[in-house]
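These are the residues of each chain, in order.
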Amino acid sequence: MKELPLTVKRSIELLGIVLVATILILGRDIIMPVIMAFFISIMLLPIYRFLRKYKVPESISIILPILFVLIFIAGIVWFFSAQIGILVDDFPQIKQNVANHLQSLKQWIKEISGVEITKQEAFLKEKSDDLLAVGGRAASGAAVTLSGVFVFVGLLPIYIYLILFYKDILLRFTFMWFKPADHPKVKEAVFETESIIKSYLVGLLIQITYMTVLLGGLLMLFGIKHALLIGVIFAILNLIPYVGALIGNVIGVLLTLTSSTELWPVLTVLGVIAAVQFLDNNILMPRIVGSKVKINALFSILGVLIGGAIAGVSGMFLSLPIIAVLKIIFDRTESFKQWGVLLGDERPSKSPMSFPKFRKKSLVHTKSGVIDKE
């Protein structure tokens, strides 16, 4: 590669990016469960090693951590089922509240635009027919998506088991790609990747717990209905950088509007969410995740959007851990170090335009930071 012209090298790199993106898009139904299983397997490694340390058979040492994950998922499903049951019981009141809000909205539109309520209702009826047609097509697509979700979840335990069982083969395969002289760097990258993924994913689980307790508890103290449901939904959506918090705010407001005809509960929900999110972003989450790899905000947002375009919600959740792993690899590969600098958040102390030393790969140093979600 060193004998090739610079334009050819960069063209090959860009073609490689396009090829990887194409493979991910075409094979996302196969690849995304494997990537998710890989990350969960790394998170379960400490439990596996603990059990093996006390001579527990290997198969049982793998199956028990997987059972813990399945129980955790079952608990989340049970909670949402219970909360949805409460919503169904309150449906008559919700219907009445929604009708009141719509009437107020129609009156407000009439005051500012002069359009009569009867014309608004006629317009809504016309558009509702179109929405029903679109909804029918979406429902058929949702059935396919739901089946894909069941396949995704069903394959995860199998992939996790096999990845843990064959981890030594995968490690040997990884080392054989590199020259023996580079094996120390490969070993360091493997250890750091494991450390980052474990701290990040475990930190996210802790984040879901304390955000649910804080947000749900505070909303309950203020007498907000469906407080726990709002807390859990926001805590889970908040795992998606930038976009998730916005969607969580919208859902929290909508749930509050359906359960109340007054404005103060909505303002209370928005205020509590803002306070808890400020506490999470600036104090709790940086301390919980710990000092690891720092990704700049630009590529955090791009990663979330690209991950969502390629693989939907799972791609959005996995975007930052994948970028963090890529940065570890790029930082330790001479030919790709510039990509590691591009993804990172370590800005040169002076402009590279004026100081040539900041243009050289060998003199661009990176240091540990925090995986920035926000």
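A short note on the overall build of the chain
Alright, step 1. Scanning the chain from N- to C-terminus turns up 12 helices and zero strands.
Alright, step 2. Starting at the N terminus and walking to the C terminus, you meet the elements of the chain as α-α-α-α-α-α-α-α-α-α-α-α.
Alright, step 3. A burial count over the chain gives 33% of its 374 residues as buried.
Alright, step 4. For the chain, the accessible surface area stands at approximately 22,700 Å², while carbon and sulfur atoms represent 73% of it.

Quick look at the confidence of the model for the chain
Alright, step 1. Mean pLDDT over the chain works out to 75, with 72% of the residues at or above the 70 mark.
Alright, step 2. Put simply, helix H5 (residues 117-165) is where the chain has its lowest mean pLDDT, 65, and helix H6 (residues 167-175) is where it has its highest, 90.
Alright, step 3. Here residues 363-374 is a poorly scored stretch, pLDDT under 50, and it has 45 contacts once near neighbours within four places are set aside; other chains count.

A closer look at the packing of aromatic side chains
Alright, step 1. Counted under the stated rule, the structure contains five aromatic pairs.
Alright, step 2. Relative to Phe39, the ring of Phe38 has its centre 5.6 Å away and its plane inclined at 50 degrees; by these criteria the two rings are tilted.
Alright, step 3. You can call Phe39 buried: its relative accessible area is 3%.
Alright, step 4. A ring pair is formed by Tyr161 and Phe165, whose centres lie 6.0 Å apart and whose planes are at 10 degrees; its orientation type is stacked. One end of the pair is Tyr161 and the other is Phe165, both in helix H5 and four residues apart, which spans about a single turn.
Alright, step 5. Assessed through its relative accessible area of 24%, Tyr161 is described here as partly exposed.

Structural notes on the pattern of salt bridges
Alright, step 1. Following the criterion strictly, the structure yields two salt bridges and no others.
Alright, step 2. Salt-bridge contacts for Lys198 lead to Glu194; the nearest nitrogen and oxygen are separated by 3.2 Å. On the criterion of helical spacing, the pair formed by Lys198 and Glu194 is a turn pair, its members being four residues apart in helix H7 (residues 183-221).
Alright, step 3. Salt bridges linked by common partners bring Arg49, Glu194 and Lys198 together as one network.

Here's the deal with unusual backbone geometry
Alright, step 1. Notably, Lys55 is not glycine yet its phi reads approximately 60 degrees, a positive angle.
Alright, step 2. Structurally, Lys55 is set in the loop between helix H2 (28-53) and helix H3 (58-89).
Alright, step 3. Using a relative accessible area of 72% as the deciding quantity, one classes Lys55 as exposed.

Some remarks on the nonpolar core
Alright, step 1. Residues Phe39, Ile40, Ile160, Leu201, Leu215 and Leu219 are the most contacted members of the largest nonpolar core, which totals 52 residues.
Alright, step 2. Of the residues forming this core, the biggest block, 11 residues, is contributed by H2.
Alright, step 3. Apart from residues lying up to four places away in sequence, Leu219 is in contact with Ile224, Ala227, Ile230, Thr268, Val269 and Val272.

Quick word on the packing of H7 against helix H11 (residues 297-331)
When two helices pack together, their arrangement is given by the angle between the helix axes and the distance between those axes.
Alright, step 1. One way to put it is that H7 packs onto H11 with a least axis distance of 10 Å and a crossing angle of 160 degrees. One element, H7, and the other, H11, form an angle in the roughly antiparallel class. Note that H7 runs across H11; the crossing there is right-handed. Contacts from Ala189, Glu192, Thr193, Ile196, Ile197 and Tyr200 of H7 reach H11 at Leu320, Pro321, Ala324, Val325 and Ile328.
Alright, step 2. Of the residues contributing to the contact of H7 with H11, the split by class is nine nonpolar, one polar and one charged.

Describing H7
Alright, step 1. Taking 1.5 Å of rise per residue, the 39 residues of H7 would be expected to cover 57 Å, and the 56 Å separating its terminal C-alpha atoms lies within 8% of that figure.
Alright, step 2. Following H7 by one or two positions, Gly223 has its phi on the positive side, about 80 degrees.

Quick word on the environment of Leu318
Alright, step 1. Within the element layout of this structure, Leu318 appears in helix H11.
Alright, step 2. With relative accessibility at 4%, the residue Leu318 sits in the buried group.
Alright, step 3. Apart from the residues within four sequence positions on either side, Leu318 is in contact with Met32, Ile35, Met36 and Phe39.

Topic: the environment of Phe175
Alright, step 1. With respect to the helices, strands and loops of the structure, Phe175 is situated in helix H6.
Alright, step 2. According to the relative accessible area criterion, Phe175 is partly exposed, its value standing at 23%.

Considering the side chain of Ser61
Alright, step 1. Considering the arrangement of structural elements, one finds Ser61 in helix H3.
Alright, step 2. Judged by its relative accessible area of 0%, Ser61 falls in the buried class.
Alright, step 3. Here the side chain of Ser61 touches Val56 through a polar contact of 3.2 Å, landing on its backbone oxygen.

Notes on the side chain of Thr193
Alright, step 1. Mapping Thr193 onto the fold places it in helix H7.
Alright, step 2. Contact partners of Thr193, with chain neighbours within four places excluded, come to Val325 and Ile328.

How each quantity is defined
- Residues numbered from 1 in each chain as written.
- Predicted model: local features only at pLDDT ≥ 70, side-chain atom pairs only at ≥ 80, totals over all residues.
- Heavy atoms only, no water.
- Helix = DSSP H or I, 4+ residues; strand = E, 2+ residues; numbered from the N terminus.
- Buried < 20%, exposed > 50% of the residue type's maximum accessible area, 1.4 Å probe, protein only.
- Areas by Shrake-Rupley, 256 points an atom, 1.4 Å probe, with all protein chains shown as cover.
- pLDDT = per-residue confidence, 0-100.
- Contact = heavy atoms within 4.5 Å.
- Phe/Tyr/Trp six-rings, centres within 6.5 Å; stacked < 30°, edge-to-face > 60°.
- Salt bridge = Lys/Arg side-chain N within 4 Å of Asp/Glu carboxyl O.
- Core = buried A, V, L, I, M, F, W, Y, C linked by side-chain atoms within 4.5 Å.
- Axes fitted to C-alpha atoms, helices over the stretch in contact; angles between N-to-C directions.
- Parallel < 35°, antiparallel > 145°, perpendicular 65-115°, else oblique.
- Left-handed = near helix turned anticlockwise from the far one by under 90°.
- Nonpolar A, V, L, I, M, F, W, Y, C, P; charged D, E, K, R; others polar.
- Expected span 1.5 Å × (residues − 1).
- Polar contact = N/O pair within 3.5 Å; in protein donor to acceptor, adjacent residues only side chain to side chain.

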